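Observations on chain architecture
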Amino acid sequence: MIRENLKDFKGLDHDPDFRWRGNNVTRIENLSDIAFAIALGMIISGVDAPKTFDQLREFLFYLVPTGAAFAVMLQVWRIHYTFFRRYGVADQYIIRLNACLIFVVLYLAYPLWFTFSALYSWVVGQWTNDYAKAIEMGMTTTNSVKTICLFVIAYASSQVIMALMYGHIVRKRELLQLDAQELSRTRETHIGLWWSTVISMTAVPLAMLTSLGPFAAFLLFFQAPGYWVAKKFLNRRPKP
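Worth saying up front: this structure is predicted, and the values here are computed from it rather than measured. (Residues numbered from 1 in each chain as written. Predicted model: local features only at pLDDT ≥ 70, side-chain atom pairs only at ≥ 80, totals over all residues. Heavy atoms only, no water.)

Regarding the overall build of the chain
Broken down by element type, the chain carries 10 helices and zero strands. Seen in sequence order, the chain has helices and strands lined up from the N terminus as α-α-α-α-α-α-α-α-α-α. If you take every contact in the chain between residues at least 6 apart in sequence, the share linking residues at least 24 apart comes to 78%. When the accessible surface of the chain is summed, it comes to about 13,600 Å², and 65% of that surface belongs to carbon and sulfur atoms. (Helix = DSSP H or I, 4+ residues; strand = E, 2+ residues; numbered from the N terminus. Contact = heavy atoms within 4.5 Å. Areas by Shrake-Rupley, 256 points an atom, 1.4 Å probe, with all protein chains shown as cover.)

Some remarks on a nonpolar patch on the surface
Together, F53, L56, F59, L60 and L63 make up a nonpolar patch on the protein surface, roughly 490 Å² of accessible area in all. The greatest single-element share of the nonpolar patch, amounting to four residues, is contributed by helix α3 (residues 53–61). Examined against the element boundaries, L60 turns out to sit in helix α3. Since its relative accessible area comes to 49%, L60 is described here as partly exposed. (Patch = residues over 30% accessible without salt bridge, like charges linked within 9 Å, V, L, I, M, F, W, Y side chains within 5 Å. Salt bridge = Lys/Arg side-chain N within 4 Å of Asp/Glu carboxyl O. Buried < 20%, exposed > 50% of the residue type's maximum accessible area, 1.4 Å probe, protein only.)

Some details on the environment of V152
Within the secondary structure, V152 sits in helix α7 (residues 141–171). Separated by 37 residues in the primary sequence, V152 and T115 place their C-alpha atoms 9.7 Å from one another.

A closer look at the confidence of the model for the chain
Averaged over the chain, the pLDDT score is 77; the fraction of residues at 70 or greater is 69%. By mean pLDDT, helix α1 (residues 2–5) is the weakest element of the chain at 50, and helix α8 (residues 173–176) is the strongest at 91. (pLDDT = per-residue confidence, 0-100.)

Here it is in structure tokens:
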């Protein structure tokens, strides 16, 4: 395997300290990759191909929110991809959870693009005092809150599903023969996913009940510290 031949070049490998058990791509992964590809295409297709200079300006305007939506979807795909490469588990429990994830991913694509585009239009309107695009997308203050709540609930659903998948791996650690380092990395991701869920869902009441409104979405930037705290906490625990 190419991965084995690169063992002396860890800088070229995104997961050098984990023994991959899923060396063969399964049909469930193929189906999932097709679903992710469709979802990414749905995000990109949210912007029509420009045919005039004005349309080109509009296309460039939506480049930022489209890129943000694309990045979020790729982040979900990366965790999914790493899961199957690391563990190679495809029992009935994982198949059911993966089916739920595919549904959420396909459902999330258009709301994800609309959320970032509408919110970006609203923020640009705050800066420039030009609310034309925000009004065109129906972004009143009330609608902006509803939009961000729609996004965070859908996004949190993907995090819950993947957290359940990683929790299943923790329970099957002996069967999979995870060593101490692999188990620690698995628990890091497991805790990090639940942290992402809590952060995401916290944004909903803050958006609806406080003056933060749609800006409550910035809580999502606190997902990364959750993984860092999980790593520090687990490194202090005695090795199993």
